[in-house]
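Okay, here's what each chain looks like letter by letter:
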Amino acid sequence: VKTEQTDELAADSAEVERLRARVTQLEEQLVSLQAWANEVAARAQERTYWLDRLHLDLDPIMRHLPVEFALGVYQTVRGVYRRLRTP
Amino acid sequence: VTTLSVVIPVKDGARYLEEVLAAVTAEQPDEILVVDSGSRDGSVEIARAAGVEVIEIPPESFGHGRTRNLGAESTSGELICFLTQDATPVPGWLDAYRVAFALADNVGAAYGPHLPRAGTSPMIARELTEFFALFSPTGEAVVQGPGDPIFLSNVNACYARRCWEEIRFRDVDYSEDQAFGTELLAAGWIKVYQPAAAVLHAHDYPFGDFMRRYFDEYRGLHRAIGHVERFRIPGTLRYVAGQVAADRRWVREHGAPPAGRPGWLVRSAAHHGGRHVFSALGSRADALPDAVQRRLSLEQSAGTGSAGVLESAVRVPQMLEQHPYATVARVMHDGPAPLLPAREGMADRERLRIAMLMPFFGRGSGGHNIVFQILSRLEQRGHVCSVWAADYDQGFLARRASVIRHEIVEWFAPIKAPVFTDLDEWSGADVVVATGWQTVHPALGLDRTSARVYLVNDYEPDFHMASSERVLAEDTYRHGLHCIASSPWLRDLLGARYGASADVFRFGVDHDTYRPRPVPRRRDTVVYYARPETARRAVPHGLMALAELHRRRPELRIALFGTPHQIQTPFPYEHLGILSPVELSWLYSEATVGLCLSLTNFSLSPQEMLACGLPCVELAGVSAEGLFGEDGPIELAPLDPWLLADALERLLDDEELWERRSRAGIEFAARQTWDSATDAVEAGIRHALRLREQTELLGNNP
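Given the structure is predicted, the values throughout are model-derived calculations rather than measurements. (Residues numbered from 1 in each chain as written. Chains lettered and ligands numbered in written order. Predicted model: local features only at pLDDT ≥ 70, side-chain atom pairs only at ≥ 80, totals over all residues. Heavy atoms only, no water.)

### Quick word on the overall build of chain B
Helices and strands together make up the secondary structure of chain B, namely 25 helices and 24 strands. Expressed as a percentage of its 702 residues, the buried residues of chain B come to 54%. In chain B, the proportion of contacts linking residues at least 24 apart, taken out of those at least 6 apart, comes to 72%. Per element, the accessible surface of chain B, about 30800 Å² overall, is 54% carbon and sulfur. (Helix = DSSP H or I, 4+ residues; strand = E, 2+ residues; numbered from the N terminus. Buried < 20%, exposed > 50% of the residue type's maximum accessible area, 1.4 Å probe, protein only. Contact = heavy atoms within 4.5 Å. Areas by Shrake-Rupley, 256 points an atom, 1.4 Å probe, with all protein chains shown as cover.)

### Overview of the interface of chain A and chain B
On the side of chain B, 21 residues touch chain A, which itself brings 20 residues to the contact. The largest contributions to the chain A side of the interface with chain B come from Val31(A), Gln45(A) and Tyr49(A), which together make up 31% of the buried area. With a shortest N-O distance of 2.2 Å, Glu27(A) and Arg343(B) are connected by a salt bridge. Here chain A is connected to chain B by ten residue pairs in polar contact (both at pLDDT 80 or more). Elements with a contribution of two residues or more to the side of chain A that touches chain B: α1 (2–47) and α2 (49–53) of chain A. Ranked by residue count, the leading element in the side of chain A that touches chain B is α1(A), at 14 residues. Of the residues that constitute the side of chain A that touches chain B, the class distribution is eight nonpolar, six polar and six charged. (Buried area = accessible area lost by both parts, 1.4 Å probe. Salt bridge = Lys/Arg side-chain N within 4 Å of Asp/Glu carboxyl O. Polar contact = N/O pair within 3.5 Å; in protein donor to acceptor, adjacent residues only side chain to side chain. Nonpolar A, V, L, I, M, F, W, Y, C, P; charged D, E, K, R; others polar.)

### A short note on the environment of Leu543(B)
All names here are of chain B. Along the chain, Leu543 turns up in helix α19 (residues 539–552). Sequence separation between Leu543 and Gln568 is 25 residues, and the spatial gap between their C-alpha atoms is 9.6 Å. With sequence-adjacent residues up to four places away left out, Leu543 is seen in contact with Tyr528, Leu560, Ile567, Thr569 and Phe571.

### Observations regarding the pairing of strand β2 (residues 31–36) of chain B
The two faces of the sheet receive side chains in turn, since in a regular strand these alternate between them. All names here are of chain B. Most of β2 sits out of view: six of its six residues are buried. Alternating positions in β2 separate into two faces, Glu31, Leu33 and Val35 on one and Ile32, Val34 and Asp36 on the other, with burial throughout. When strand β1 (residues 4–10) meets β2, the two strands line up parallel, connected through six bridges. Of the residues in β2, the one forming a bridge with Val10 is Asp36. A crossover connection joins β1 to the parallel β2 through helix α1 (residues 14–26); in handedness this β-α-β unit is right-handed. Note: β2 against strand β3 (residues 53–56), four bridges, orientation parallel. Its bridge partner being in β3, Leu33 is matched across the sheet by Glu53. On the question of chirality, the crossover connecting β2 to the parallel β3 by way of helix α2 (residues 43–49) is right-handed. (Pairing = 2+ DSSP bridges. Right-handed = clockwise from strand over helix to strand, strands pointing away.)

### What to know about the packing of helix α13 (residues 326–334) of chain B against helix α16 (residues 437–444) of chain B
All names here are of chain B. In contact at an axis separation of 8 Å, α13 and α16 are set at 55° when each is read in the N-to-C sense. On the basis of their axis angle, the class for α13 and α16 is oblique. By crossing handedness, the relation of α13 to α16 is classed as left-handed. Along the contact surface, α13 presents Thr327, Val328 and Val331, while α16 presents His441, Pro442 and Leu444. Split into classes, the residues belonging to the contact of α13 with α16 amount to four nonpolar, two polar and no charged. (Axes fitted to C-alpha atoms, helices over the stretch in contact; angles between N-to-C directions. Parallel < 35°, antiparallel > 145°, perpendicular 65-115°, else oblique. Left-handed = near helix turned anticlockwise from the far one by under 90°.)

### Thoughts on the sheet that holds strand β18 (residues 502–504) of chain B
Residue and element names in this part refer to chain B. Spatially, the seven strands line up as an open sheet ordered β14-β13-β12-β15-β16-β17-β18, and their pairing is parallel. Strand pairing shows two members of the sheet lacking a second neighbour, β14 (419–420) and β18, which therefore form its edges. Where strand β17 (residues 482–485) and β18 come together, three bridges link them in parallel fashion. Its bridge partner lying in β18, Cys483 is registered against Ala502. Taken strand by strand, helix α14 (residues 366–380) contacts β12 (353–358), β13 (384–389) and β16 (449–456), and its axis lies near 165° from that of β12.

### Some details on the pattern of salt bridges
If you walk through the whole model with that rule in mind, you get 46 salt bridges over all chains. Glu28(A) is the salt-bridge partner of Arg351(B), the closest N and O atoms lying 3.8 Å from each other. Pair noted here: Arg351(B) is in the loop between α13 and β12 and Glu28(A) is in helix α1, and the two residues belong to different chains. The partly exposed category is assigned to Arg351(B), whose relative accessible area is 23%. The class of Glu28(A) is partly exposed, set by a relative accessible area of 33%. The partner of Arg377(B) in a salt bridge is Asp675(B), and the shortest N-O contact between them spans 3.4 Å. Highlighted residues: Arg377(B) in helix α14 and Asp675(B) in helix α25 (residues 674–700), separated in sequence by 298 residues. Relative accessible area serves as the criterion here: at 41%, Asp675(B) is assigned to the partly exposed category. Salt bridges linked by common partners bring Glu548(B), Arg551(B), Arg552(B), Arg553(B), Asp646(B), Glu649(B) and Asp653(B) together as one network.

### Side note on the sheet that holds strand β21 (residues 574–577) of chain B
Residue and element names in this part refer to chain B. The six strands lie next to each other as β21-β20-β19-β22-β23-β24, forming an open sheet whose pairing is parallel. Each of the sheet's edge strands pairs with one partner strand only, and the pair in question is β21 and β24 (635–637). Taken pair by pair, the neighbouring strands of this sheet meet at an average axis angle of 25°, ignoring direction. Running over the sheet, helix α20 (residues 581–590) touches β19 (525–529), β20 (557–561) and β21 and is turned about 155° from β20.

### Some remarks on helix α4 (residues 93–101) of chain B
Looking at α4(B), one finds that the buried residues are Trp93(B), Leu94(B), Ala96(B), Tyr97(B), Ala100(B) and Phe101(B). The buried residues of α4(B) occupy one face: seen down the axis, they fall within an arc of 155°. (Arc of directions from axis to C-beta.)

### A look at the nonpolar core
All names here are of chain B. Ile8, Leu83, Trp93 and Phe180 are the most contacted members of the largest nonpolar core, which has 71 residues in total. Filtering out sequence-adjacent residues up to four positions away, Phe180 remains in contact with Leu152, Tyr159, Cys163, Trp164, Ile167, Arg168 and Phe169. In this structure, Met346, Ala559, Phe561 and Leu610 belong to the second largest nonpolar core, which totals 65 residues. (Core = buried A, V, L, I, M, F, W, Y, C linked by side-chain atoms within 4.5 Å.)

### What to know about unusual backbone geometry
All names here are of chain B. Of note, the phi angle at Asp12 is positive, near 50°, even though the residue is not glycine. Mapping Asp12 onto the fold places it in the loop between β1 and α1. Taking the relative accessible area as the measure of exposure, Asp12 reaches 38% and is therefore partly exposed. Backbone geometry places Ala538, a non-glycine residue, at a positive phi of 50°. Topologically, Ala538 is positioned in the loop between β19 and α19. Ala538 gets classed as buried once you look at its relative accessible area, which sits at 5%.

### Digging into the environment of Asp631(B)
Residues and elements named next belong to chain B. Checked against the element boundaries, Asp631 lands in the loop between α22 (624–628) and β24. Each C-alpha atom, one on Asp631 and one on Ala664, is 10.0 Å from the other, the two residues being 33 residues apart in sequence. Not counting chain neighbours up to four residues away, the residues in contact with Asp631 comprise Arg660 and Arg661. A distance of 2.7 Å separates polar atoms of two side chains, one belonging to Asp631 and the other to Arg661.

The following block contains the structure:
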């Protein structure tokens, strides 16, 4: 009976160790994921600094009709220019 | 199933009451209540015969808002419908209201159209029809929110009890429904116009009564929401002509006999013109003598209508999504958010996720410089850090995260962490670090963390006079956060007064900047960090001491810095304003003695003076002895102008003492680095995690 109990305890202990190792591994993954997410967020904040500083929200501006029109004209002119430039 | 009560205020309403009650009963509401204010035409008996509940009130206690509030209080339905005694619901009326309230969770009220009864004059019939058609040209129920019409009519309206309980009807003479509509939208509720919830209703008064009623209604409207009806003779003539033309079309289209049409047109002109005049008079009634008001009023009432301070108060619409102290309220009510269960070995993990909560800051904030010097070095050691703006100061609201981050990098230290301004974006961290009293309650509200740490730079309750802020600042030490205090004095104070566990870190010095500069040391210059905006700096005492010193040594050069404003002093001085760190280092390298007082914890400035070889005077008996010793690099003096002047004079006169203090200061400052400060803070953070491990793991397994 004692041998059986010892075996069970050993098996439990091994299982606990295995789970602990898995938790440690997952925690490391979480830290790496968080580091990556923070880096992406920080980089995005660097990029939007001047827009935010000037309180500019490009979405509504670009939706505005004259802007869309101007963009269309620019793209057309650019397309023509490229065609002409291409031998 | 939503329960529904119907309330009908009545006074001498026998003409339609039986018909109204029969129609309401047919709709099968949960309860019907008639509130009678002194009817003498048998209305009460009609109501009782119809089997509805009746409350009788004295006529003098009637008020349009007051009586409807009484009706709402006396019923229990989740929805409360109000009808007037002459408004007969059409079939499907109540079901239509139920549909309206099902459109959204925040529907506070709904109202339906008033249809003309048979025989109603064409002017009224057309106006009613066209007026309600404006709200819903398609005939579908329409949700109305901020910016939409405030119109609401208790002739035929239904209210969510929750909304009524929040707003209630104002006790005004008229237009309590319009006032309710305004306040409902301002409070964030919406309302619904439901065309299917119609009633038959018309105001068929004699001409004179009709005009006087309009006088009463517009007088009430002015008192309820301040409306003043515009009145210009040319405009009125154009308006009347337009209305008469419209009535003419209506009469033609609705089949009135041609012989009677001219008569209707004359009545139409009188109706619209008179109404416009009486509406304009009513909305200016408060400027009329009481006797004139009584003549013009159908109710024969007068007075200014102001019923006391509360009634004349302006209800300020809700501007913020929640009040700035909502987090404090939540923590006080619900307690801190639960921490994650402790895990063995969590204190020793190489890389930790550290979230620092910071209060509002401006350029040159010493406390923030400390925080970000340390945070940037924690990042260099591999920890994954984030910065969270958390303050009751509304200043953060105007700044976006990217701008705050840019300012941190430009003004304090080159951090890599992102900045977040909304704690709703919280995704968890191993450790939350509060860095000011304003950040502690927000930190306590954050879950998905293993420990909360409090980086205590100073004893912040002393920053405030008797106030909520002072009480809340004191409260921050009582929530069991493990403290990392910036001096032994502070650590001992936190432990003795609040029982808080605390480690110590020491401020670092930026040795690249603060070092003896190649400039001749003057023997006649005292520099004083005089910042009157910061009360704990004891500027009046410092100025008294310098006045005494000037009396003793009129030739002494005195320079004041730390504030952009010139200070009125009884001695001449050089005003240096706010200096950059580099400028300060040159000033400290040139001056003879520094003066820097703090009634709470000592600050960075004395250390920076010492690093430049400048001995300085600080207050004895507060926090300096714990770090510098009683006879170390700093000359200590009690908070007494004459004794402070004595201490300054000792350093000016005694060259041997000056040399000794200057040397000791440079040696002391050389040991203070931001790396060593970061070592201590990192150890404190790990200590906090270890304490959690010990209390949970060891406590559970003795």
